[in-house]
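For reference, the chains in residue letters:
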Amino acid sequence: MTSRAAKPAPAPTPETAEYWRAAERGELRLPYCAGCDAYVFYPRGACPTCWSTELTWTTLSGRGRLHSYLISHIAAPGFEQDVPYAIAIVELEEGPRLMSSVRGIAQTPEALVLDMPLVVDFEPRGDVTLPVFRPAPVDARG
Amino acid sequence: MASPAGGAIVGAAETARLGVIEDQSALELHAEAARSAVADAGLTLADIDGLATAGLPAITVSHHLGLRPRYLDGTYIGGGSFLLHLRHAVAAIQSGLCETVLITHGASNRSRVGRPPRVTDPASPMGQFEQPYGAFTPPTLFPIGVLRYMKKYGLTHEQLASVAVAQRTWASKVPRAMFRSPITVDDVLASRMVAYPMRLLECCLVTDGGGAVVVTSADRARTGSFRKPPVFVLGAGEACETSMISTMGDLTTSRAFVDASTAAFAEARLRPRDVDHLMVYDAFAHLPIYALEDCGFVARGEAGAFIAEGHTRPGGTLPMNTNGGGLSYTHTGLYGMFLLLEAVRQVRGEAAAQVPGVDVSMVQGVGGMFEAAGTVILGSHDAYAG
């Protein structure tokens, strides 16, 4: 047996650094284009709809829904102890969709129901902090 | 309106062996297929003045084959790259950049002899926003929209499984197919879970092999002395959407499939109902479902039932993936070349599971995980009333 690999950590670029710094503070933030009234995921220098560079970093609600997912029975390097694990697409309340993990719930088709409400959470990964999601508490469900 | 494409495939070949090939490197698989395709055309090394390839650098393949090309194309979108190469080659030939282009593929995807490693840069968008969540190979990415598609359209697990069953029906008639024993929906649903909702038999093979085609102008194909009937390029299209499947505009449809196929139909002046035979990239069982809808063969939400009812099987109205596909025939990682080669065989009338009277064959290729697409429409004649 070879030694187990660490889970891969993202390496921020200048354009994405604020996303990762915000996650470290416990905030989910994205650039917002006022002209398009749209958030830009992933973060980049200009809005991909209108090419405006007048983007404003904005803190999101952290609420979203489980848009789609799969449950991997094969382990990515570093995920040997996690299989089977869900890889999810979360649709944020503000519109953007992003890949994430769903914590605090069985990684099964029975437990993971499409469109279930989720809230963001954060967990350390190497030198950075990774946004993940959890089922929304019942009293927070709108 | 675009003009007729004006190119033709005059040589086509696969490597002698497909499957597990431990005694040939990826580079040598390119070369073997190239030599066989040129021989299939009745040409020689000296006739080739253009080269297109993916998977390995075009310079490497050129030097290995002893070529001195005046046209090079190393376009890489993933498995469908060769369909873009064909489109570009026709345009290059039409504009006088070269006369005869060789398009090659070879991969040691199974045995990994001389195969470049797959590395995702942690600073790339995928390295930052997908890889940290345990996504790392096609099974952990490609099917991520399937549950959304199921909820939206009511696709059942049985219908999804029927894609693999339909293709195995074809493969049972193809001696070179890796898996030929007939299977049932129950067999598919009982196979090992790989990435829910995809079971093992809904995921493609992992094989070694290669293939190549030789392309020249339609005029030369008509008048030249080639060994086989020319297969004309009636239309082609290419498109891309995103390098991250998680950022697709809609997880239940591929914008790249729509755009590339729309362009190809427009150039060919044909419609889906004119297509006699269809090859769709099937890295996983849901791809033919997306493609049938995105290319306009059936309405939204109908593809699962269409396949389950047998319309793509032998004797059906739309014979699809007649070599058995990536699910049963072979899948070298960049499978698009094999889509093209089966379409060529069907139009020539020399396929193992030959469909009667194929005058128009369409090839729908994907690049990456719904990242890009290439479409090619081939014909036994260089124009159709449509």
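None of these values were measured; they are calculated from a predicted model.

When you go through chain B residue by residue, the secondary structure sums to 13 helices and 11 strands. Computed over C-alpha atoms, the radius of gyration of chain B comes to 19 Å, within 12% of the 21 Å expected from 2.2 N^0.38 for 386 residues, which places it in the range of a compact globule. Taken over the C-alpha atoms alone, chain B extends approximately 55 × 45 × 40 Å along its principal axes. Among the 386 residues that make up chain B, the fraction classed as buried is 63%. Nonlocal contacts in chain B, meaning residues at least 24 apart in sequence, comprise 74% of its contacts between residues at least 6 apart. Total accessible area on chain B is roughly 13,100 Å²; 53% of this is exposed by carbon and sulfur atoms. Looking at charge distribution, chain B has the averaged site of its 30 positive side-chain charges lying 2 Å from that of its 35 negative ones.

A few words now on the state of the cysteines. Taken as a whole and assessed by the stated rule, the structure comprises zero disulfides over all chains. Sulfur of Cys33 of chain A: no disulfide; nearest cysteine sulfur belongs to Cys50 of chain A and is 3.7 Å away. A residue is classified by how much of its surface remains accessible, and Cys33 of chain A, at 1% relative accessible area, is buried. Cys203 of chain B carries a free sulfur, and the closest cysteine sulfur to it, the one in Cys204 of chain B, is 7.2 Å from it. Overall, Cys203 of chain B belongs to the buried group, its relative accessible area being 12%.

Moving on, we come to the side chain of Glu342 of chain B. Residues and elements named next belong to chain B. Turning to its location among the elements, Glu342 is positioned in helix α13 (residues 336–348). A distance of 2.8 Å separates a polar atom in the side chain of Glu342 from a polar atom in the side chain of Arg345. What Glu342 contacts, discounting residues up to four positions off in sequence, is His277, Met279, Thr322, Asn323 and Ala351.

All names here are of chain A. The assigned domain composition of chain A is domain 1 (13–60) and domain 2 (61–142). Measuring from the centre of the C-alpha atoms in domain 1 to the corresponding centre in domain 2 gives 21 Å. Each partner contributes to the interface: domain 1 provides 12 residues, whereas domain 2 provides 14 residues. In total, about 1,100 Å² of surface goes out of reach between domain 1 and domain 2, with carbon and sulfur atoms giving 77% of it. Summed over the three residues of domain 1 that lose the most area to domain 2, namely Trp20, Leu28 and Leu60, the buried surface amounts to 46% of that side. Viewed at the interface, domain 2 and domain 1 are joined by one residue pair in polar contact (both at pLDDT 80 or more). Of the residues belonging to the side of domain 1 that touches domain 2, the class tally is eight nonpolar, two polar and two charged.

Our focus in this paragraph is the nonpolar core. Judged by nonpolar contacts, the single largest core of 167 residues is most densely connected at Tyr69 of chain A together with Leu86, Leu102, Leu292 and Leu378 of chain B. Summarising the domain contributions, this core has at least three residues from each of domain 1 (13–60) and domain 2 (61–142) of chain A. Residue contacts for Leu102 of chain B: discarding those within four places in its chain leaves Ala34, Val38, Ile48, Gly50, Leu51, Ala52, Leu65, Leu67, Ala212, Val213 and Val214 of chain B.

What follows deals with the pairing of strand β1 (residues 29–33) of chain A. Residue and element names in this part refer to chain A. For β1, a buried count of five out of five residues is recorded, marking the element as mostly surrounded by other parts of the structure. By the bridge criterion, five bridges tie β1 to strand β3 (residues 55–59) in an arrangement that is antiparallel. Bridge pairing in β3 places Tyr32 opposite Thr56. Taking the residues between adjacent antiparallel strands as the criterion, β1 and strand β2 (residues 38–39) are bridged by four residues, where Asp37 takes a positive phi near 50°.

Let us look at the pattern of salt bridges. Per the counting criterion, the structure on display carries 28 salt bridges over all chains. Ionic pairing is found between Lys228 of chain B and Asp40 of chain B, a salt bridge with its closest N-O pair at 2.7 Å. Highlighted residues: Lys228 of chain B in the loop between α8 (218–223) and β8 (231–240) and Asp40 of chain B in helix α1 (residues 26–40), separated in sequence by 188 residues. What makes Asp40 of chain B buried here is its relative accessible area of 8%. Between Asp49 of chain B and Arg70 of chain B there is a salt bridge whose closest N-O contact spans 2.9 Å. On the criterion of sequence distance, the pair formed by Asp49 of chain B in the loop between α1 and β2 (50–53) and Arg70 of chain B in the loop between α2 (58–65) and β3 (71–73) is long-range, its members being 21 residues apart. Look at Asp49 of chain B and you get buried, because its relative accessible area is 13%. In this structure, a network of salt bridges that share partners links the residues Glu18, Arg21, Arg25, Glu27 and Arg29 of chain A.

Feature annotation in UniProt assigns "domain: Thiolase C-terminal" (unreviewed entry) to the following positions: residues 237–379 of chain B. Secondary structure within residues 237–379 of chain B divides into 32% helix and 17% strand; the distance between the first and last C-alpha atoms comes to 15 Å.

Each partner contributes to the interface: chain B provides 35 residues, whereas chain A provides 40 residues. The junction of chain B with chain A conceals about 3,100 Å² of combined surface from both sides, 66% of it contributed by carbon and sulfur atoms. Linking chain B with chain A are two salt bridges, by the criterion used here. The residue Lys151 of chain B makes a salt bridge to Asp115 of chain A at a minimum N-O spacing of 2.6 Å. Joining chain B to chain A, the criterion identifies 15 residue pairs in polar contact (both at pLDDT 80 or more). For the side of chain B that touches chain A, the secondary-structure elements that each account for two or more residues are α4 (125–129), α5 (146–153) and β5 (193–196) of chain B. When its residues are assigned to classes, the side of chain B that touches chain A shows 21 nonpolar, 10 polar and four charged.

Rules and cut-offs
- Residues numbered from 1 in each chain as written.
- Chains lettered and ligands numbered in written order.
- Predicted model: local features only at pLDDT ≥ 70, side-chain atom pairs only at ≥ 80, totals over all residues.
- Heavy atoms only, no water.
- Helix = DSSP H or I, 4+ residues; strand = E, 2+ residues; numbered from the N terminus.
- Rg over C-alpha atoms; globule rule 2.2 N^0.38 Å.
- Buried < 20%, exposed > 50% of the residue type's maximum accessible area, 1.4 Å probe, protein only.
- Contact = heavy atoms within 4.5 Å.
- Areas by Shrake-Rupley, 256 points an atom, 1.4 Å probe, with all protein chains shown as cover.
- Lys, Arg positive; Asp, Glu negative; His and termini not counted.
- Charge placed at Lys NZ, Arg CZ, Asp CG, Glu CD.
- Disulfide = S-S within 2.5 Å.
- Polar contact = N/O pair within 3.5 Å; in protein donor to acceptor, adjacent residues only side chain to side chain.
- Domains from an automatic or database assignment.
- Buried area = accessible area lost by both parts, 1.4 Å probe.
- Nonpolar A, V, L, I, M, F, W, Y, C, P; charged D, E, K, R; others polar.
- Core = buried A, V, L, I, M, F, W, Y, C linked by side-chain atoms within 4.5 Å.
- Pairing = 2+ DSSP bridges.
- Salt bridge = Lys/Arg side-chain N within 4 Å of Asp/Glu carboxyl O.
- UniProt positions renumbered as here; feature names shortened; annotations may be inferred.

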